[in-house]
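Residue-level structure breakdown
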Amino acid sequence: MTVDLSFLTVNTDEERIKWIDLLYSVVNFHKAMVLELQPDILVSDETMSQDQLYHNAAANAIRECILVIEAIPLPTEEEYIKNGD
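Everything numeric in this text was worked out from a predicted model, so none of it was measured.

Calculation criteria
Residues numbered from 1 in each chain as written. Predicted model: local features only at pLDDT ≥ 70, side-chain atom pairs only at ≥ 80, totals over all residues. Heavy atoms only, no water. Salt bridge = Lys/Arg side-chain N within 4 Å of Asp/Glu carboxyl O. Helix = DSSP H or I, 4+ residues; strand = E, 2+ residues; numbered from the N terminus. Buried < 20%, exposed > 50% of the residue type's maximum accessible area, 1.4 Å probe, protein only. Contact = heavy atoms within 4.5 Å. Expected span 1.5 Å × (residues − 1).

Applying the stated criterion to the full structure yields 1 salt bridge. Note that Glu14 is salt-bridged to Lys18, the shortest N-O span being 3.5 Å. Taken together, the residues span about one helical turn, with Glu14 and Lys18 both in helix α1 (residues 13-37) at a distance of 4 residues. Residue Glu14 shares its accessibility class with Lys18, and that shared class is exposed.

Moving on, we come to the side chain of His30. Locating His30 in the fold gives a position in helix α1. In this view, His30 contacts Tyr54, His55, Ala58, Ala59 and Ile62; residues no more than four positions away in its chain are not counted.

With that settled, consider helix α2 (residues 50-71). For α2, spanning 22 residues, the distance from its first C-alpha to its last is 32 Å, which sits close to the expected 32 Å at 1.5 Å a residue. Looking at the buried residues of α2, the elements they touch are α1.

Quick look at the structure:
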């Protein structure tokens, strides 16, 4: 199965902010799942269940994606026009 990603763009600061906001929502969901799965104890890696470890790892991976998105510079208008995008 292939997915057409041609409609996904990050050409402006506004688009970048929207993607980052969306990803932070997903991070917050996974972090909430960690707490929901075992809310009565202080959660640490040593006491986490497999489900908690999964959600914690997912949240951390998504945070890394956000850092990559923030680090990649947007194309200048000249680069954008030159590449025909």
